[in-house]
Amino acid sequence: MEKRKRRDTPLTELAELFDLPGDVVAGLCHLEMIGDRRLFVEHHSGILAYSDQCIDVNTPCGILRVSGRCLTLEALTREELRIGGAVERVEWVKTDA
């Protein structure tokens, strides 16, 4: 069985050339979770829905749904979103497009 050779995209090659993370160059969102108490989302494009039990975030990767208890927006800038509270679930929501 022959292995397929991976084809690098121009963005991948650029990221390697400048030693940058591929997700940054491609404009993909970056998620970082600290325990079940805090979630950082970078490269978002706004909040679609907000309550203390569910927050929907628009991202280049799709809609990110954060569910839990006592959820709060701790910080919101053009690039970063910080969610606090008891995070119970983080999931990508399928949309019919």
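The structure displayed is predicted, hence computed values, not measured ones.

With that out of the way, let us pick up the pairing of strand β6 (residues 80-93). Judged from the five bridges that link them, strand β2 (residues 38-42) and β6 form a sheet pairing that is antiparallel. The residue bridging F40 from the neighbouring strand is R82, located in β6. With eleven bridges joining them, strand β5 (residues 62-76) and β6 adopt antiparallel strand pairing. By the bridge assignment, I63 is partnered in β6 with V93. Between β5 and β6, which pair antiparallel and follow one another directly, the connecting turn spans three residues.

The next point concerns the pairing of strand β4 (residues 54-59). On a regular strand, one side chain projects to one face of the sheet and the next to the other, so that they alternate. Of the pairings in the sheet, the one linking strand β3 (residues 47-50) to β4 comprises three bridges and is antiparallel in character. Following the sheet pairing, A49 is matched in β4 by D56. What sits between the antiparallel neighbours β3 and β4 is a turn of three residues. Relative to β5, β4 runs antiparallel, the two being bridged by six bridges. Looking at β5, one finds that D56 is bridged to R65. Here β4 folds back onto β5, and the loop between the two strands holds two residues.

Conventions used here
Residues numbered from 1 in each chain as written. Predicted model: local features only at pLDDT ≥ 70, side-chain atom pairs only at ≥ 80, totals over all residues. Heavy atoms only, no water. Pairing = 2+ DSSP bridges. Helix = DSSP H or I, 4+ residues; strand = E, 2+ residues; numbered from the N terminus.

Don't take any of this as a statement about function, it's just geometry.
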